[in-house]
Amino acid sequence: MNPQDVNAAPPSVTPSATGKKARRSLWGGGLVALVLLGLVGAAAWHLVRRAHDDQGRDRGPGGRPNVIVTVGQATVRKAELPVIIDALGTVIPATTVTLRPQVSGLLTQVLFTEGQMVSKGQLLARIDPRPFEQTLLQARGNRLRDEAQLEHARVMLERYRTLLAQDAIARQDVDAQAALVKQLEGTVLTDRAQEDMAQLNLDYTRITAPVAGRIGLRMVDAGNLVTSGARGAWGLREMLRALRPSPGWRPSMCSSRCRRTAWAISAPRRVIRLRWW
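Residues numbered from 1 in each chain as written. Predicted model: local features only at pLDDT ≥ 70, side-chain atom pairs only at ≥ 80, totals over all residues. Heavy atoms only, no water.

Caption draft 1: Geometry of the nonpolar core. One finds L99, L107, F112, L124, I127, I215 and V226 to be the most contacted residues of the largest nonpolar core, which totals 20 residues. Listed by contribution, the elements that provide at least two residues to this core are β2 (96–99), β3 (105–110), β5 (123–127), α3 (130–165) and α4 (171–204). With residues up to four places along the chain from it excluded, the contact list for V226 reads P101, V103, S104, G105, L107, I127 and V220. A153, L157, L164 and V181 belong to the second-largest nonpolar core, a separate cluster that totals nine residues. (Core = buried A, V, L, I, M, F, W, Y, C linked by side-chain atoms within 4.5 Å. Buried < 20%, exposed > 50% of the residue type's maximum accessible area, 1.4 Å probe, protein only. Helix = DSSP H or I, 4+ residues; strand = E, 2+ residues; numbered from the N terminus. Contact = heavy atoms within 4.5 Å.)

Caption draft 2: Representation of the pairing of β3. One ladder, built from two bridges, connects β3 with strand β8 (residues 225–226); its direction is antiparallel. Each residue of the ladder has a partner; that of L106, found in β8, is L225. (Pairing = 2+ DSSP bridges.)

Caption draft 3: Region of interest: unusual backbone geometry. Not every positive phi belongs to a glycine, and D167 is a case in point at roughly 60°. Take D167: it is sitting in the loop between α3 and α4.

Caption draft 4: View of the layout of surface pockets. Space inside the second largest pocket adds up to approximately 190 Å³. Every residue lining the second largest pocket is listed: T98, L99, R100, P101, Q102, D203, Y204, R206, I207 and T208. It is strand β6 (residues 206–208) that contributes the most residues to the lining of the second largest pocket, three residues altogether. The class makeup of the residues in the lining of the second largest pocket is four nonpolar, three polar and three charged. (1 Å grid on protein atoms, 1.4 Å probe; cavity = no way out; pocket = protein on both sides within 12 Å on 5 of 7 lines; lining within 4 Å. Points joined across faces, edges and corners; volume = space filled by probe spheres on them. Nonpolar A, V, L, I, M, F, W, Y, C, P; charged D, E, K, R; others polar.)

Caption draft 5: Highlighting the pairing of β5. Counting buried residues along β5, four of its five residues qualify, which places the element largely inside the surrounding structure. Where β3 meets β5, three bridges bridge the pair, whose relative direction is antiparallel. Note on β5: the bridge partner recorded for Q109 is R126.

Caption draft 6: Summary view of the pattern of salt bridges. Counted under the stated rule, the structure contains nine salt bridges. E195 is the salt-bridge partner of R140, the closest N and O atoms lying 3.0 Å from each other. With R140 in helix α3 and E195 in helix α4, the pair connects residues that are 55 residues apart, well separated along the chain. On the accessibility criterion, R140 (31% relative accessible area) is partly exposed. Since its relative accessible area comes to 11%, E195 is described here as buried. One salt bridge in this structure joins D146 and R145, with 3.3 Å as the shortest N-O distance. One connected set of salt bridges, linked through shared partners, spans R140, R143, E147, R192 and E195. (Salt bridge = Lys/Arg side-chain N within 4 Å of Asp/Glu carboxyl O.)

Everything listed here is a matter of coordinates, which is why it stays silent on function.
Right, here's the structure in full:
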């Protein structure tokens, strides 16, 4: 072997061959990237299309979603539906009554509590009736006495008229007896009026509610001496019926059989609950 051949340098690679390899590698990588992007886009399109198809199957006519509705069977009947309105308004009682004793006497019983709902005619308090019972008995006795005298005078008048017809007595005696009868009739009428007045005073010892409503403050306790016409004894308010609701309420919102109740009593302006049915 020739030593010159061993020491000979290997053949060199030309620049043109190196550039061709680089371009081939670049084109290959780009092609692979495009293929991958295409696959990803196709998968995404397939998923979106599938979701859209599923939503379309779940919707009814007009694009509205289908909702599962439970259907039951019931008998149709006519009824009134309660409507509750929370509003800001002014509560005004239809009637305000101040109870005052009509007779003077000792207050023996108080049969109510403050704020209690009472009915019309309910007994609220009682004044000692014993003095008025005695006055009634006295007036009744006077009436019975005078009625007996009147009856005797009428009998005597009939006898005098009989004797006058027989010309046994003077006409003056008959006229005097007739005048006595009229006098006793007036006395009996006065006795009846006094008896009725005594009975009325006895009835006034029972203080009753003139209207149905809510009783107010109790200004007098049992055991006190009350006088006729004393001011500020008890206050009574009728059940709340006149209401001034908010401007948004209209009478047309209530039927002809509308009934109203309120849960506000004292404050002139507060939130109240109106129940209409």
